[in-house]
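Examining the three-dimensional arrangement
What follows is the residue order along each chain.
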Amino acid sequence: MSKLFRAVIMGPPGSGKGTISERIAQSFGLTHLSSGDFLRENIAANTEAGVLAKTYIEKGLLVPDHVMTRLVLPRLGEMTRYSWVLDGFPRTLIQAKALNSSCDLDMVISLNIPLETLKERLSHRWIHPASGRVYNMVFNPPRIQGVDDVTGEPLVQQDDDRPEALVTRLRHYKDVAKPVIDLYKSMGILHTFSDTETDQIWPYISSLISNKIPTVRPDPRCTSP
Ligand SMILES: Nc1ncnc2c1ncn2[C@@H]1O[C@H](COP(=O)(O)OP(=O)(O)OP(=O)(O)O)[C@@H](O)[C@H]1O
Ligand SMILES: Nc1nc2c(ncn2[C@@H]2O[C@H](COP(=O)(O)OP(=O)(O)O)[C@@H](O)[C@H]2O)c(=O)[nH]1
């Protein structure tokens, strides 16, 4: 069996983590794991972690590290046979160290996108709150304006995506992410991409991953035993 591939994607709000993770998942047959999705699932299922996490998310705060690690690491433990790209975790040094002690990462992708681009993108970002599906009224609009493609439910704009809120979020991201980025740099697995367009960055990410995964392997869940 060929070696499994594990990647983390980091970047400020609106940098394209979700968009690029989806492209990686589709192109290389990896599973896209998102801490935001894990949280939404737990909130919907009213688990103990979900109820606790909700109180932080509603205040615009990061969920405490011990809650996040207890939530994410067991999910990764269930993925031992699969290659994945992890989006939204780790966000702090404590989370990064916990991740390092539970698995070996092959690659960390860090997106470094100018503030003006983030502001512009987030001002057009609309989401389907229940699923976390993300649209952009310019870049990838829904089929019917204002409505989720899958459920037909209304889309909303998050308060956090307002330009005024973004500057604070970005500062916070930089402070918290810096030691994480330094750690991955020191491990020699960090790859940073800077551009204003996902379509410009994508060929570089794609060829980087192709070099690590010489043949595009089908997702093992989709093959018969
Ligand atoms: N690794 C994490 N550590 C702490 N809190 C987290 C983590 N991942 C997600 N959260 C919490 O869940 C919320 C939703 O996360 P999600 O990644 O879906 O969206 P987001 O923070 O709006 O990020 P972005 O704008 O970068 O997509 C976050 O705002 C944060 O409160
Ligand atoms: N205009 C434009 N919008 C983009 C581009 N890449 C992603 N987006 C949109 O920008 C917003 C933020 O992207 P997202 O993947 O949610 O970023 P994340 O917050 O880092 O996960 C979404 O509305 C995307 O559809 C791009 O290259 N150009």
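Structure report, in brief. In this text the structure is predicted, and so the values were computed from the model without any measurement.

Description of the pairing of strand 2 (residues 31-34)
For a regular strand, side-chain orientation follows a simple rule: the groups alternate between the two sheet faces. Side-chain alternation along strand 2 places Thr-31 and Leu-33 on one buried face and His-32 and Ser-34 on a second face that is also buried. Pairing geometry for strand 2 and strand 3 (residues 84-87), over 4 bridges, is parallel. Paired with Leu-33 across the strands is Leu-86, a residue of strand 3.

Looking at the pattern of salt bridges
Scanning all chains against the criterion turns up 12 salt bridges. Of the charged contacts, one joins Arg-40 and Asp-37 as a salt bridge, the two residues approaching to 2.9 Å between their closest N and O atoms. Of this pair, Arg-40 and Asp-37 both sit in helix 2 (residues 35-44), separated by 3 residues, roughly a single helical turn. With relative accessibility at 31%, the residue Arg-40 sits in the partly exposed group. Its salt-bridge partner being Asp-161, residue Arg-125 comes within 2.9 Å of it at the nearest N-O pair. Pair noted here: Arg-125 is in strand 5 (residues 125-128) and Asp-161 is in the loop between strand 6 (133-136) and helix 7 (163-186), with a separation of 36 residues, a long-range link. The same class applies to Arg-125 and to Asp-161, which are both buried. A cluster of three or more residues bridged by salt bridges with shared partners is formed by Arg-125, Asp-160, Asp-161 and Arg-169.

Section: unusual backbone geometry
The omega torsion across Phe-89 and Pro-90 is 0°, close enough to zero to call that bond cis. Phi at Asn-46 is positive, roughly 55°, even though this residue is not glycine. Along the chain, Asn-46 turns up in the loop between helix 2 and helix 3 (48-58).

Concerning the site of ligand 2
In the region of ligand 2, 17 residues are neighbours, and Gly-14, Lys-17, Thr-19, Asn-140 and Thr-198 sit closest. Measuring from an oxygen atom of ligand 2, one finds a backbone N or O atom of Gly-14 at 2.9 Å. Within the side chain of Asn-140, an N or O atom sits 2.7 Å from an oxygen atom of ligand 2. Alone, ligand 2 offers 570 Å² of accessible surface; in the complex the protein occludes 92% of this. Within the residue set of the shell around ligand 2, elements represented by two or more residues are helix 1 (17-28) and strand 6. Here the shell around ligand 2 is built from residues that sort into 5 nonpolar, 8 polar and 4 charged.

A closer look at the pairing of strand 4 (residues 107-111)
Taken across its 5 residues, strand 4 has 5 buried, putting it largely inside the fold. In the sheet, strand 1 (residues 6-10) pairs with strand 4 via 4 bridges, with the strands oriented parallel. Bridge pairing in strand 4 links Ile-9 to Ile-109. Pairing analysis gives 4 bridges linking strand 4 to strand 7 (residues 190-193), with the strands arranged parallel. Each residue of the ladder has a partner; that of Val-108, found in strand 7, is Leu-190.

What to know about the site of ligand 1
In the vicinity of ligand 1 there are 17 residues, among which Lys-17, Ser-35, Leu-61, Gly-88 and Arg-91 approach most closely. Here Ser-35 contributes a side-chain N or O atom positioned 2.8 Å from a nitrogen atom of ligand 1. Note that a nitrogen atom of ligand 1 is positioned 2.9 Å from one of the side-chain N or O atoms of Gln-95. Protein chains bury 85% of the 600 Å² of accessible surface belonging to ligand 1 in isolation. Sorting elements by how many residues they give to the shell around ligand 1 places helix 2 first, with 4 residues. Classifying every residue of the shell around ligand 1 gives 8 nonpolar, 4 polar and 5 charged.

Reading the values: rules and limits
Throughout this document, residue positions are counted from 1 along each chain, in the order its sequence is written. Chains carry letters and ligands carry numbers; both start at the beginning, A for chains and 1 for ligands, and go up in the order they are written. The predicted origin of the model limits local features to residues at a pLDDT of at least 70 and limits the giving and counting of side-chain atom pairs to 80 or more, whereas totals for whole chains, interfaces and linings rest on all residues. Working from all heavy atoms in the structure, the side-chain values ignore hydrogens and water. The buried label applies to any residue whose accessible area, calculated with a 1.4 Å probe on protein chains only, is under 20% of its type's maximum; exposed applies above 50%, and partly exposed to all values in between. Helix and strand assignments come from DSSP, with helices taken as H or I runs of at least 4 residues and strands as E runs of at least 2, each series counted from the N terminus. Pairing between strands is defined by DSSP: at least two bridges between the two strands are required. Any carboxyl oxygen of Asp or Glu within 4 Å of a side-chain nitrogen of Lys or Arg constitutes a salt bridge here. One heavy atom within 4 Å of a molecule or strand makes the whole residue count as near it. Under the rule applied, a polar contact is a pair of N or O atoms within 3.5 Å (in protein, one hydrogen donor and one hydrogen acceptor; residues adjacent in sequence only if both atoms are side-chain atoms). For accessible areas, the Shrake-Rupley method is used with a probe of radius 1.4 Å. Any residue's cover is judged against the shown protein chains and nothing else. All residues other than Ala, Val, Leu, Ile, Met, Phe, Trp, Tyr, Cys, Pro, Asp, Glu, Lys and Arg, Gly among them, are scored as polar; the first ten of these are nonpolar and the last four charged.

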